[in-house]
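# Secondary and tertiary structure notes
The residues making up each chain are set out below.
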Amino acid sequence: MNTVRLTTAQALVRFLAAQYSERDGQEQRLIPGMWGIFGHGNVAGVGQALLQATITQEADLPYYLARNEQGMVHASVAYAKMRDRLATFACTASTGPGSTNMITGAALATTNRLPVLLLPSDMFATRAADPVLQQLEDTRGGDVTVNDAFRAVSKYFDRVSRPEQLIPAALAAMRVLTDPVETGAVTLALPQDVQAEAHDWPVSFFRRRVWHVGRPVPEPAAVERAAALLRGARKPLIVAGGGVVYSGAETALRAFSEATGIPVADTHAGKGAVPWDHPHAVGGIGSTGSHAANALAKDADVVLGIGTRYSDFTTASHTVFGNPDVTFVNLNVARLDAVKHSAEPLVADARLGIQALAEALDGWKVEPYHRVRTRELIARTREIEERCFTVGHGPLPAQTEILGALNDVLDDRAVVINAAGSMPGDLQQLWRARDPKAYHVEYAYSCMGYEVAAGVGAKMADPSREVVVLVGDGSYLMMAQEIVTMVSEGLKVIVVLVQNHGFASIGSLSEALGSQRFGTKYRYRNGSSGQLDGDVLPVDLAANASSLGADVLHAASVDEFRAAMEKAKAATRTTVVHVETDLHGPNPPAHGWWDVPVGEVSALESTRSAYETYAAHKHNQRHYL
């Protein structure tokens, strides 16, 4: 057997550079590069291996420097999302806090079912210098390290305690990364001494490997069962999730909707699968869904879920589907999701499943009155949207007006990125996506701080698109430092920084739940009340963005914002457009509910009143059996 003597880290770098994914005959690099921040634990292991690979050209694995370990995971996940889960990055971090900083990113990746390879450095496998700097000493066992925290948020976890263990661990990691059912964060913990330890590796370990991502074919009997339920439907509704986009099933879904007349609602991950102005597109569904989608969901007798995991926001906490006899048909590559809500499961690739249903339903259409009602509800929804865009609020503009202007100035291929706060809810109702990659809202984990880092990954995934990071001051203050990475990598990204001096979403929720917006504003502590309700803090986020290397434009009105956006589009460098909006809205009208429990007993009248409202909504909540 031919062998080559390398350190474990050198072998890992060489292995990763030779991995490819393939679907529908198209191959691409599975791991096109590695993000990292070096410290003790990886600087002499993975760091040395990356340097050696660059100098000797023995492996093509470019290195990218991040400014925060969580941020580099977010960038990798955003890249994977843009690439339909067919490519992602590896992330190396130093021992201790450098590695545990990646845990939030791991949870985000796994919750969103997006692949990322994490390489946290670990303690000495030999325990020769026990305990070392940043080591956790656990009385339950000597083999426990902080990296065990990754187990709960990883789809695959392994600790490579001997060099030869890398071979099965690395192959297993690639298997999970390329499995659309199992994918998520994959973690290979690498003890720092093992990274630098040499081994005689089989040369065949480094051969070019192509991981074929298949399209599971639907079972004919399952197709017929699903089609029979749809044929009997009088008020059917499709809920399109992220699986439609990852499968590349947008064209098939549009054709199916046009042939059958079934209206299509979408989740955050599925928005854009059917263009917003398609005659059968009824918008977002659920807690922050549109008037049309939620009205149709209320009466739907058969719901065809395609590629959705039915989060509580999608179902409005099990209240949006109001028909007591509603039946679900779920087309999903994962059986976990296909059987939810006691559904008739159709376990298959979304594109192939839609095509099979179209063939089985050939010639069948919804009744004309259902088409008429869909058109009427869409028209009413458009009126609601236009009022939000043109509310004329002052002295500070409403956030909805800024979104309306942004809709106008961006072309169909521009990517809008968001994750948390009040904007995802506004966007689900108001964003007009015509391209499945134009709407990039991370709402499975809804992680504050995702946005700026994700802008890096999205731009790297498709440099031909304008990438617009839409971020509130709350998320910006949690993680804005990857603006430096945008600048250092020469990436042109537009960051729309919406400042309202507080947490608009949670403040509004707090008020609705009787907690009076407590602790949700950025204010001085008031000496008389003892609370954070004094004057506005003199925080200059625009100056902060400038200090990180970005060009900054200011806007004080909707018209100034439009003008600033045109300048930002024409720019060649990362540009931040700073605009202040009213913390108190107004926001789009609510058409759904979200289950956030309210104190059952309270000394506060506001809480008691909120509980009465909460109890009334809970009355409508049910399991779909």
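In short, a report on the structure. Source: prediction; values computed, not measured.

On to the overall build of the chain, then. Tallying secondary structure elements over the chain gives 23 helices and 23 strands in all. In summary, the chain has a C-alpha radius of gyration of 25 Å against a globular reference of 25 Å for 625 residues, a match within 12%. Dimensions of the chain, computed from C-alpha atoms along their principal axes, come out at roughly 70 × 70 × 55 Å. Counting across all 625 residues of the chain, residues that qualify as buried make up 59%. Partitioning the contacts of the chain with sequence separation of at least 6, the portion at a separation of at least 24 is 76%. Here the chain has roughly 24,300 Å² of accessible surface; of this, 52% comes from carbon and sulfur atoms.

Taking strand neighbours across the sheet as the criterion, the 6 strands line up as 5-4-6-7-9-8 in an open arrangement whose pairing is parallel. Only two strands of the sheet have a single neighbouring strand rather than two, namely strand 5 (63-65) and strand 8 (156-159). Strand-to-strand twist in this sheet, taken as the mean axis angle between neighbours without regard to direction, amounts to 20°. Strand direction decides the pairing type here: strand 7 (residues 116-122) and strand 9 (residues 185-191), joined by 5 bridges, are parallel.

Take the side chain of serine 247 next. With respect to the helices and strands, serine 247 occurs in helix 9 (residues 242-247). The buried category is assigned to serine 247, whose relative accessible area is 5%. Only 3.1 Å separates the side chain of serine 247 from the backbone nitrogen of arginine 351, close enough to count as a polar contact. Discounting residues that sit within four places of it in the chain, serine 247 has contacts with Arg23, Arg215, Asp349, Ala350 and Arg351.

What follows deals with the nonpolar core. One finds Trp35, Leu118 and Tyr450 to be the most contacted residues of the largest nonpolar core, which totals 56 residues. Here tyrosine 450 is in contact with His74, Val77, Ala78, Leu108, Ile417, Asn418, Ala419, His440 and Glu442, once residues within four sequence places are set aside.

With that settled, the discussion passes to the pattern of salt bridges. Two side chains bearing opposite charge may form a pair once their charged atoms approach each other closely. Tallied over the full model, the rule gives 37 salt bridges. Between glutamate 385 and arginine 382 there is a salt bridge, and its shortest N-O distance comes to 3.1 Å. In this pair, glutamate 385 and arginine 382 are both assigned in helix 14 (residues 368-389), 3 residues apart and thus about one turn of the helix distant. Accessibility expressed as a relative area gives 7% for glutamate 385, which makes it buried.

With 7 of 7 residues buried, strand 9 is to be regarded as a mostly interior element. Residues Ala185, Thr187, Ala189 and Pro191 line one face of strand 9 and the alternating positions Val186, Leu188 and Leu190 line the opposite face, and both faces are buried. Where strand 8 lies against strand 9, 4 bridges are found, and the strand directions are parallel. Within strand 9, the position partnered with arginine 159 by the bridge is alanine 189. For the crossover from strand 8 across helix 6 (residues 166-177) to strand 9, the handedness is right-handed.

Before going further, it helps to spend a moment on the sheet that holds strand 23 (residues 575-580). The 6 strands are arranged 19-18-20-21-23-22 in an open sheet whose pairing can be described as parallel. In the strand order of this sheet, the two ends are held by strand 19 (439-441) and strand 22 (551-555), each with one partner. When the angles between neighbouring strand axes are averaged without regard to direction, this sheet yields 20°. Sheet topology note: the strand 18 (residues 415-418)/strand 20 (residues 467-472) ladder contains 3 bridges and is parallel. Note that in strand 20 the partner of valine 415 across the bridge is valine 467.

Glancing now at helix 2 (residues 46-56). An α-helical turn contains 3.6 residues, so a residue and the one three or four places further along point in the same direction. Those residues of helix 2 not exposed but buried are Val46, Gly47, Ala49, Leu50 and Ala53. Along the long axis of helix 2, the arc covered by the buried residues comes to 165°, so they all point the same way. Of the exposed residues in helix 2, those oriented more than 90 degrees away from the buried face are Leu51 and Ile55. Looking at the buried residues of helix 2, the elements they touch are helix 1 (8-16), strand 4 (34-36), strand 5, strand 6 (90-93), strand 9 and helix 7 (192-196). Just past helix 2, the residue glutamine 57 takes up positive phi, approximately 60°.

On to the packing of aromatic side chains. Within the structure shown, the criterion is met by 17 aromatic pairs. Taking 5.4 Å as the distance between ring centres and 40° as the angle between the ring planes, the aromatic pair formed by tryptophan 35 and tyrosine 64 counts as tilted. Remark: tyrosine 64 occurs in strand 5 and tryptophan 35 occurs in strand 4; sequence separation between them is 29 residues. Residue tryptophan 35 shares its accessibility class with tyrosine 64, and that shared class is buried. Summarising the aromatic geometry, the rings of tyrosine 64 and phenylalanine 89 are spaced 5.8 Å apart at their centres and angled 85° between planes, so their arrangement reads as edge-to-face. Here the residue tyrosine 64 occupies a position in strand 5, and phenylalanine 89 occupies one in the loop between helix 3 (69-82) and strand 6, the gap between them amounting to 25 residues. The rings of Phe15, Trp201, Phe205 and Phe206 are connected pair by pair, giving a single aromatic cluster.

It is worth spelling out helix 17 (residues 450-461) at this point. Helix length check: helix 17, at 12 residues, gives a terminal C-alpha distance of 16 Å against a target of 16 Å (1.5 Å per residue), a fit within 8%. When you tally the buried positions in helix 17, you get 12 out of 12 residues, the bulk of the element. Of all the residues in helix 17, the buried ones are Tyr450, Glu451, Val452, Ala453, Ala454, Gly455, Val456, Gly457, Ala458, Lys459, Met460 and Ala461.

The next subject is unusual backbone geometry. Between aspartate 130 and the following residue, proline 131, the backbone shows a cis peptide bond with an omega angle of -10°. Here proline 131 shows up in the loop between strand 7 and strand 8. In this model, glycine 585 is joined to proline 586 through a cis peptide bond whose omega is 5°. Relative to the helices and strands, proline 586 is located in the loop between strand 23 and helix 23 (605-618).

Scoring rules and cut-offs
- Residues numbered from 1 in each chain as written.
- Predicted model: local features only at pLDDT ≥ 70, side-chain atom pairs only at ≥ 80, totals over all residues.
- Heavy atoms only, no water.
- Helix = DSSP H or I, 4+ residues; strand = E, 2+ residues; numbered from the N terminus.
- Rg over C-alpha atoms; globule rule 2.2 N^0.38 Å.
- Buried < 20%, exposed > 50% of the residue type's maximum accessible area, 1.4 Å probe, protein only.
- Contact = heavy atoms within 4.5 Å.
- Areas by Shrake-Rupley, 256 points an atom, 1.4 Å probe, with all protein chains shown as cover.
- Pairing = 2+ DSSP bridges.
- Axes fitted to C-alpha atoms, helices over the stretch in contact; angles between N-to-C directions.
- Polar contact = N/O pair within 3.5 Å; in protein donor to acceptor, adjacent residues only side chain to side chain.
- Core = buried A, V, L, I, M, F, W, Y, C linked by side-chain atoms within 4.5 Å.
- Salt bridge = Lys/Arg side-chain N within 4 Å of Asp/Glu carboxyl O.
- Right-handed = clockwise from strand over helix to strand, strands pointing away.
- Arc of directions from axis to C-beta.
- Phe/Tyr/Trp six-rings, centres within 6.5 Å; stacked < 30°, edge-to-face > 60°.
- Expected span 1.5 Å × (residues − 1).

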